[in-house]
Amino acid sequence: MLIALGTLGAAFAGGYVLARRIDNFSIVDIAWSYAFGALAAFYAVAGPGWTFRRALLAILIVLWSLRLGTHLARRIVRHHPTEDGRYRELRKSWAGDFQAKMCWFFQMQAASVVLLGVTFLPSCFNATPGFHPLEWAGTTLWLIAIGGEALADAQLAAFGREPKNRGQVCSV
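In this text, all values refer to a predicted model and were calculated from it rather than measured experimentally.

Basis of the calculations
Residues numbered from 1 in each chain as written. Predicted model: local features only at pLDDT ≥ 70, side-chain atom pairs only at ≥ 80, totals over all residues. Heavy atoms only, no water. Phe/Tyr/Trp six-rings, centres within 6.5 Å; stacked < 30°, edge-to-face > 60°. Helix = DSSP H or I, 4+ residues; strand = E, 2+ residues; numbered from the N terminus. Buried < 20%, exposed > 50% of the residue type's maximum accessible area, 1.4 Å probe, protein only. 1 Å grid on protein atoms, 1.4 Å probe; cavity = no way out; pocket = protein on both sides within 12 Å on 5 of 7 lines; lining within 4 Å. Points joined across faces, edges and corners; volume = space filled by probe spheres on them. Nonpolar A, V, L, I, M, F, W, Y, C, P; charged D, E, K, R; others polar.

(A) Main features of the packing of aromatic side chains. Taken as a whole and judged by the stated rule, the model has twelve aromatic pairs. Aromatic side chains Tyr16 and Phe106 sit 5.7 Å apart centroid to centroid with 75° between the ring planes, which places their arrangement in the edge-to-face category. Highlighted residues: Tyr16 in helix H1 (residues 2–22) and Phe106 in helix H5 (residues 98–117), separated in sequence by 90 residues. Per residue, the accessibility class of Tyr16 equals that of Phe106, and both read buried. Ring-pair connections join several aromatic residues into one group, and the members of that group are Tyr16, Phe25, Phe98 and Phe106.

(B) Region of interest: the layout of surface pockets. The space that makes up the largest pocket amounts to roughly 620 Å³. Lining the largest pocket are 18 residues, with Arg78, His79, Leu156, Ala157 and Gly160 positioned closest to its centre. For the lining of the largest pocket, the secondary-structure elements that each account for two or more residues are helix H3 (51–79) and helix H7 (133–161). A per-class count over the lining of the largest pocket returns five nonpolar, six polar and seven charged. Ranked by residue count, the leading element in the lining of the second largest pocket is H7, at seven residues.

(C) Quick look at unusual backbone geometry. Residues His80 and Pro81 are joined by a peptide bond in cis, for which omega reads 15°. One non-glycine residue, Asp23, lies in the positive phi region at around 55°. As for its position among the elements, Asp23 is in the loop between H1 and helix H2 (27–46).

In structure tokens form, the structure reads like this:
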């Protein structure tokens, strides 16, 4: 976990430098999303557990990470240089010390990935061959969820393409 924390801390520091350069801190959302895939792949490669379990875990998390990160990247790039409203609000509330607090914020995002990623470790350390029924159920749930997320993304994109919906919140 310390290697993961150090590596992600360095990666998020690089993200912070990029965010300052382009003056858009929304990119932390992209970094956060992709970091889960990187962490899962690292744990799957480094873990001593059953190879197929580690591979399945990595595949599921990397695919989720890529879907979410790419969805966010498209949205952020499309709206650049306009920053997400959350970060515009932080600029106001952290006005006197914004850069230092954002640097810390990026590091806390890295730490949150490692903390939440602790849940990957039991699978990566489980050497018992074969999948447990709960693992099959979890994989099925993942398939349903990722399908639902992809459908929701497509519906939101279709809503946004309609000129009458510009600036509106999708509630249908």
